[in-house]
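Structure at a glance
What follows is each chain in one-letter form.
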Amino acid sequence: QVQLVESGGGLVQPGGSLRLSCAASGSIFSINAMRWHRQTSGKERELVASITSGGSTNYADSVKDRFTISRDNVKNTVYLQMNSLKPEDTAVYYCNADLSPYYGKTYAYWGQGTQVLVSS
């Protein structure tokens, strides 16, 4: 079975930093795009950052110049380095990946989420 597991969330003060990790494991043939999303209660889930298999990145305007997405294709892991955190960054962060467990089969996989709380 393919699983995506996030880690690295927690409580941090405004202006602080966190690095989130999301590791894919199981039967993996290939991974295309990997993304980070976030969601707060009562709000729609929003795309925070994405990275293609070739390393091309995109960011939501709200996190540009503060967050950096990266990936390690050997470890099948995507990271989100979050700097200069603001209270409005508080959310559950989810990673997802367009992943092929076998040749010719591609699915969108999601992690269970990790909580980020930015508060004094």
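The structure reproduced in this document is the subject of the present report. (Residues numbered from 1 in each chain as written. Predicted model: local features only at pLDDT ≥ 70, side-chain atom pairs only at ≥ 80, totals over all residues. Heavy atoms only, no water.)

Turning our attention to the environment of Glu-46. Tracing the backbone through its elements, the reader meets Glu-46 in strand E5 (residues 46-51). Sequence-wise, Glu-46 and Trp-36 are 10 residues apart; in three dimensions their C-alpha atoms are separated by 8.8 Å. Only 2.7 Å separates the side chain of Glu-46 from the side chain of Arg-38, close enough to count as a polar contact. (Helix = DSSP H or I, 4+ residues; strand = E, 2+ residues; numbered from the N terminus. Polar contact = N/O pair within 3.5 Å; in protein donor to acceptor, adjacent residues only side chain to side chain.)

Covered by surrounding structure in strand E1 (residues 3-7) are Leu-4 and Glu-6 only, the residues Gln-3, Val-5 and Ser-7 on the alternate face being uncovered. Summarising the sheet, E1 and strand E3 (residues 18-25) pair through 5 bridges and their orientation is antiparallel. Along E3, the bridge assignment pairs Leu-4 with Ala-24. (Buried < 20%, exposed > 50% of the residue type's maximum accessible area, 1.4 Å probe, protein only. Pairing = 2+ DSSP bridges.)

This brings us to the side chain of Asp-98. Within the secondary structure, Asp-98 is located in strand E9 (residues 91-102). A polar contact is formed between the side chain of Asp-98 and the side chain of Arg-35, at a distance of 2.8 Å. Residues in contact with Asp-98, not counting those within four places in the same chain, are Ser-30, Ile-31, Asn-32, Ala-33, Arg-35, Thr-106, Tyr-107 and Ala-108. (Contact = heavy atoms within 4.5 Å.)

The next thing to look at is the state of the cysteines. Applying the stated rule across the entire model yields 1 disulfide. Shown here is the disulfide that connects Cys-22 with Cys-95, its sulfur atoms set 1.8 Å apart. Of this pair, Cys-22 sits in strand E3 while Cys-95 sits in strand E9, and the two are 73 residues apart along the sequence. Cys-95 carries the same exposure label as Cys-22, and that label is buried. (Disulfide = S-S within 2.5 Å.)

Another point: the pattern of salt bridges. Applying the stated criterion across every chain yields a total of 5 salt bridges. Ionic pairing is found between Arg-38 and Asp-89, a salt bridge with its closest N-O pair at 2.9 Å. In this pair, Arg-38 sits in strand E4 (residues 30-39) while Asp-89 sits in the loop between strand E8 (77-82) and E9, placing the two residues 51 residues apart along the sequence. What makes Arg-38 buried here is its relative accessible area of 6%. Among the ionic contacts, a cluster of salt bridges with common partners joins Arg-38, Glu-46, Arg-66 and Asp-89. (Salt bridge = Lys/Arg side-chain N within 4 Å of Asp/Glu carboxyl O.)

This next bit is on unusual backbone geometry. In this structure, Asn-76 takes a positive phi of about 55° despite not being glycine. Within the secondary structure layout, Asn-76 lies in the loop between strand E7 (67-72) and E8. Residue classification places Asn-76 among the partly exposed positions, given a relative accessible area of 23%.

All right, on to the environment of Ser-53 then. Topologically, Ser-53 is positioned in the loop between E5 and strand E6 (57-59). Ser-53 gets classed as partly exposed once you look at its relative accessible area, which sits at 39%. For the pair Ser-53 and Asp-98, spaced 45 residues apart in sequence, the C-alpha separation works out to 9.9 Å. Excluding residues within four positions of it along the chain, Ser-53 makes contact with Ile-31, Asn-32, Arg-71 and Asn-73.

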